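Structure assessment
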Amino acid sequence: MSPILLPRRKFLGLGAVGLGAAALAFSGRLADVPSFEDLIGNAQYLTYGAQRLLGRNALAREFSAKDISPDFKVNGTHRPDTPEYEALLAENFANWRLIVDGLTVNRLSLSLADLHALPQRTQITRHDCVEGWSAIGQWQGAPLAEILKRAAPLPAARFVLFHCADFYERADDGTGQYYESIDLVDAFHPQTILAHSLNGAPLSVGHGAPARLRVERQLGYKQAKYVMRIELVERIDGFGRGKGGFWPDRGYEWYAGI
Ligand SMILES: Nc1nc2c(c(=O)[nH]1)N[C@H]1C(S)=C(S)[C@@H](COP(=O)(O)O)O[C@H]1N2
Ligand SMILES: [Mo]
């Protein structure tokens, strides 16, 4: 086989999720499935593999306006209890800045107006929490792909980490700040957005104001609220307790595919 064929095929695969030229730099990494075995447990690796076979780029089901749940439960943190968050909230997030950094060519600092000025996507999807409840809501925000394209991930980047404003607990080992992470396949999935609105209104504090992740092929705990910083990293084992997220650190799977 010509050595040129394989990279080209990988690139064509990426095209299906709507990647631009920026993706070329890390296209080789995305297809490097076996290396995930080092980072996540064997059982999870099987789940991850199965999802890949079924097509990680497939879309989550979208609903119509009549399906929107009259009540969308607030779960986890209801209001981050830090002076920093209270100060941002008091100014209606005028001084909030979303930092995008780590393994990127450009470090971004985006205001809420910047987030609104990016290309937008609106989607009506179902949120499934492991605790056994679901709710359908209409989310609007900027595709994470649009944000990442502007930051331009370096070739070493493999995961996208979301640092949140809230401490869900204050554990003795210093962990407890909410965080989550996804891989680049999900990061560039067309339904993965940084949402600023739910059902046509700015996010309430309960639902993650001013911005939260929607990664629609995964469970509720992956939908990080109160996102303050998006960090591109090569490995996820250097954060929290090393499993890539607040709940993954406490026994839930890192890859929560649905
Ligand atoms: N920052 C942060 N994000 C979070 C949580 C949290 O406690 N803090 N809880 C998670 C869980 S378990 C669920 S089900 C959803 C709940 O989102 P909602 O409050 O908008 O329903 O947020 C997820 N994201
Ligand atoms: Mo949840």
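This text follows the structure it describes.
Cut-offs used in this document
- Residues numbered from 1 in each chain as written.
- Chains lettered and ligands numbered in written order.
- Predicted model: local features only at pLDDT ≥ 70, side-chain atom pairs only at ≥ 80, totals over all residues.
- Heavy atoms only, no water.
- Helix = DSSP H or I, 4+ residues; strand = E, 2+ residues; numbered from the N terminus.
- Buried < 20%, exposed > 50% of the residue type's maximum accessible area, 1.4 Å probe, protein only.
- Contact = heavy atoms within 4.5 Å.
- Areas by Shrake-Rupley, 256 points an atom, 1.4 Å probe, with all protein chains shown as cover.
- Near = heavy atom within 4 Å.
- Polar contact = N/O pair within 3.5 Å; in protein donor to acceptor, adjacent residues only side chain to side chain.
- Nonpolar A, V, L, I, M, F, W, Y, C, P; charged D, E, K, R; others polar.
- Pairing = 2+ DSSP bridges.
- Axes fitted to C-alpha atoms, helices over the stretch in contact; angles between N-to-C directions.

Observations concerning the overall build of the chain
From N to C terminus, the chain includes eight helices and ten strands. Taken across its 258 residues, the chain has 50% of its residues classed as buried. Taking as baseline every contact in the chain between residues at least 6 positions apart, the subset at least 24 positions apart corresponds to 69%. Per element, the accessible surface of the chain, about 11,700 Å² overall, is 54% carbon and sulfur.

Examining the site of ligand 1
Around ligand 1 sit 22 residues, and of these Lys-73, Asn-75, Asp-166, His-207 and Lys-225 come closest. With respect to ligand 1, the backbone of Thr-77 contributes an N or O atom lying 2.9 Å from an oxygen atom. In the environment of ligand 1, an oxygen atom lies 2.7 Å from a nitrogen or oxygen atom belonging to the side chain of His-207. Relative to its free-state accessible area of 530 Å², ligand 1 is covered by the protein chains to the extent of 98%. A per-class count over the shell around ligand 1 returns ten nonpolar, eight polar and four charged.

A look at the sheet that holds strand β1 (residues 98–102)
Spatially, β2-β1-β10-β5-β6 is the arrangement adopted by the five strands of the open sheet, whose pairing is mixed. One side of each edge strand has no neighbouring strand; the edge strands of this open sheet are β2 (108–110) and β6 (177–183). Adjacent strand axes in the sheet meet at a mean angle of 20°, parallel and antiparallel pairs treated alike. Of the pairings in the sheet, the one linking strand β5 (residues 159–167) to strand β10 (residues 227–233) comprises six bridges and is antiparallel in character.

Overview of the side chain of His-207
Looking at the element boundaries, His-207 is found in the loop between β8 (201–202) and β9 (212–214). The exposure class of His-207 is buried, given its relative accessible area of 11%.

Topic: the pairing of strand β3 (residues 121–128)
Both β3 and strand β4 (residues 134–143) contribute to a ladder of eight bridges, which runs antiparallel. Across the sheet, residue Thr-122 finds its bridge partner in β4, namely Gln-140. Following β3, the chain reverses through five residues before pairing antiparallel with β4; Gly-132 in that reversal takes a positive phi of roughly 105°.

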